[in-house]
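# Residue-level structural notes
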Amino acid sequence: MKHASTSESDVFFRIRVDKISPVPAYAQITEGMKNLLQPGSIPAGTPLPPERVLCERLGVSRMTLRQACEALEREGLIESHRGRGTFVAPRRMTKKQQEMRSFTEEIRSRGQKPSSRLIVFRNVKQSPEDSEFFGLPETESFYEIERLRLADDVPIALECIHIPEYLCPGLDRFNLVSHSIYQILEENYGLVLAHCSEEISAVAPTKKHKRLLQANGAVLVVNRRTYTNKETPVELATTAYRGDLYRAVVHSIRKTGEAY
Ligand code: GLP
């Protein structure tokens, strides 16, 4: 284990707590830590100074420091490991739940370079899930497209989608390694992808996840059902993200004025 008195950890002593400020001390510490951690310049795994030392230097009680650390842990900026201490957490990509984005858009919005490796592209008959979601005749053919999705050349997700062929005949002539499927569907087939519903669950990595994603911990599986602006079901997708590199944040708004 790294020792917490390394110079890397000394950066936390820069935080200042203004005792006469109306802002509670714990909130000032949370803010100060965020300013230090959010640019991503402190390497993941850097230990925070021991609680006792940090309390002394900041002039606050353990309870105040714990309150701040709990808030930072909830936001995924630090991680505490029982008996070992508290560490800077690895940076995870955050999914913006309220916007329906393609993988390409999501990765670009984080300043990273998206890329894909095509694993499977074939025509298949419908599965029971397809039949339930798309409600198409049994004879309808589907494209099954499986791609490994990368951000800055690091595999982040393994994605398998089913799209009915009648919506985008000749999809096989496009290069799905270098192009966004959503962009192809919108620009070449005139489909307006409007909304989706997603179901998120965690699973233990399969052999395939381990091999292609190098995932050893839990994998976050997002099942997306996508519709056009005319409410036509267009895509049934399963995306398995590496749980240590990706997290889903759900923003919810509470309806006001509702009686219980
Ligand atoms: C996300 C969605 C998938 C969708 C994909 C399209 O990963 N979860 O349902 O198929 O984006 O990505 P792109 O347009 O970059 O190929």
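To keep things clear, this report deals only with the structure shown in the data block. (Residues numbered from 1 in each chain as written. Predicted model: local features only at pLDDT ≥ 70, side-chain atom pairs only at ≥ 80, totals over all residues. Heavy atoms only, no water.)

## Description of empty space enclosed by the protein
This is how it is decided: Only protein atoms enter the 1 Å grid, on which a cavity is a set of points fitting a 1.4 Å probe that cannot get out and a pocket is an open set with protein on both sides within 12 Å along at least 5 of 7 lines, lining residues being those with an atom within 4 Å of a point. Grid points are joined across faces, edges and corners, and a volume is the space filled by probe spheres set on the points. Per the convention used, a helix needs a DSSP run of H or I reaching at least four residues, while a strand needs a run of E reaching at least two, with both numbered from the N terminus. All amino acids are sorted into three groups, where Ala, Val, Leu, Ile, Met, Phe, Trp, Tyr, Cys and Pro are nonpolar, Asp, Glu, Lys and Arg are charged, and the leftover types, Gly among them, are polar.
A full pass over the atoms with the stated rule returns two cavities of 30 Å³ or more. If you add up the space inside the largest cavity, you get close to 220 Å³. Taken together, 20 residues line the largest cavity, and the ones lying closest to its centre are Ser-102, Phe-103, Glu-159, Tyr-182 and Arg-224. Looking at the lining of the largest cavity, the elements that each hand over two or more residues are helix H5 (103–109), strand E5 (141–151), strand E6 (154–164), helix H7 (181–189), strand E8 (219–228) and strand E9 (233–242). For the lining of the largest cavity, a count of residues per class yields seven nonpolar, four polar and nine charged.

## Let's talk about the packing of helix H2 (residues 25–37) against helix H4 (residues 62–74)
We count it as follows: Axis lines are fitted through C-alpha atoms, for helices just across the contact stretch, and the angle between N-to-C directions can take any value from 0 to 180 degrees. For this classification, under 35 degrees means roughly parallel, over 145 means roughly antiparallel, 65 to 115 means roughly perpendicular, and everything else is oblique. With the far helix as reference, a near helix turned anticlockwise by less than a right angle produces a left-handed crossing, and one turned clockwise produces a right-handed crossing. Only heavy atoms matter for contacts: two residues are in contact if any of them lie within 4.5 Å across the pair.
It is at 8 Å that the axes of H2 and H4 come closest, and there the two elements cross at 45 degrees. Relative to H4, the element H2 is oriented oblique. Between H2 and H4 lies a crossing whose hand is right-handed. Note on element contacts: H4 touches H2 through Thr-64, Leu-65, Gln-67, Ala-68, Ala-71 and Leu-72, opposite Ala-25, Tyr-26, Ile-29, Thr-30, Met-33 and Lys-34. Looking at the contact of H2 with H4 residue by residue, the classes come out as eight nonpolar, three polar and one charged.

## Points about the site of the ligand
Heads up, the condition is: It suffices for a single heavy atom of a residue to lie within 4 Å of a molecule or strand for the residue to be listed as near it. Identification of polar contacts relies on pairs of N or O atoms within 3.5 Å, with a donor-acceptor requirement for protein atoms, meaning one able to donate a hydrogen and the other able to accept it, and with residues adjacent in sequence counted only if both atoms are side-chain atoms. Accessibility throughout is a Shrake-Rupley quantity obtained with a 1.4 Å probe, and a residue counts as covered only by protein chains that appear here. By definition, a pocket or cavity contains a molecule when more than half of the molecule's atoms lie within 2 Å of the pocket's grid points.
Taken together, 14 residues lie near the ligand, and Phe-103, Thr-104, Glu-159, Ser-180 and Glu-235 sit nearest. Side-chain polar atom of Ser-180 to an oxygen atom of the ligand: 2.6 Å apart, as the coordinates give it. Thr-239 is positioned such that a nitrogen or oxygen atom in its side chain is 3.4 Å from a nitrogen atom of the ligand. In the complex, 99% of the free accessible area of the ligand, which totals 400 Å², lies under the protein chains. A majority-of-atoms criterion places the ligand in the largest cavity.

## Remarks on the nonpolar core
Basically, it comes down to this: Definition of nonpolar core: a set of buried residues of the types Ala, Val, Leu, Ile, Met, Phe, Trp, Tyr and Cys, connected through side-chain atoms within 4.5 Å. Residue burial is assigned from relative accessible area. The probe radius is 1.4 Å, only protein chains are included, and a residue is buried under 20% of its type maximum, exposed over 50%, and partly exposed in between.
Of all hydrophobic cores here, the largest spans 22 residues; its most connected members are Phe-12, Ile-29, Met-33, Leu-37, Leu-58 and Leu-65. For this core, the secondary-structure elements that each account for two or more residues are H2, helix H3 (51–58) and H4. Excluding residues within four positions of it along the chain, Ile-29 makes contact with Ile-15, Val-17, Leu-58, Val-60, Thr-64, Leu-65 and Ala-68.

## Some points on the environment of Ala-218
Examined against the element boundaries, Ala-218 turns out to sit in the loop between helix H8 (207–213) and E8. Each C-alpha atom of the pair Ala-218 and Arg-242 lies 7.2 Å from the other, and the pair is 24 residues apart in sequence.

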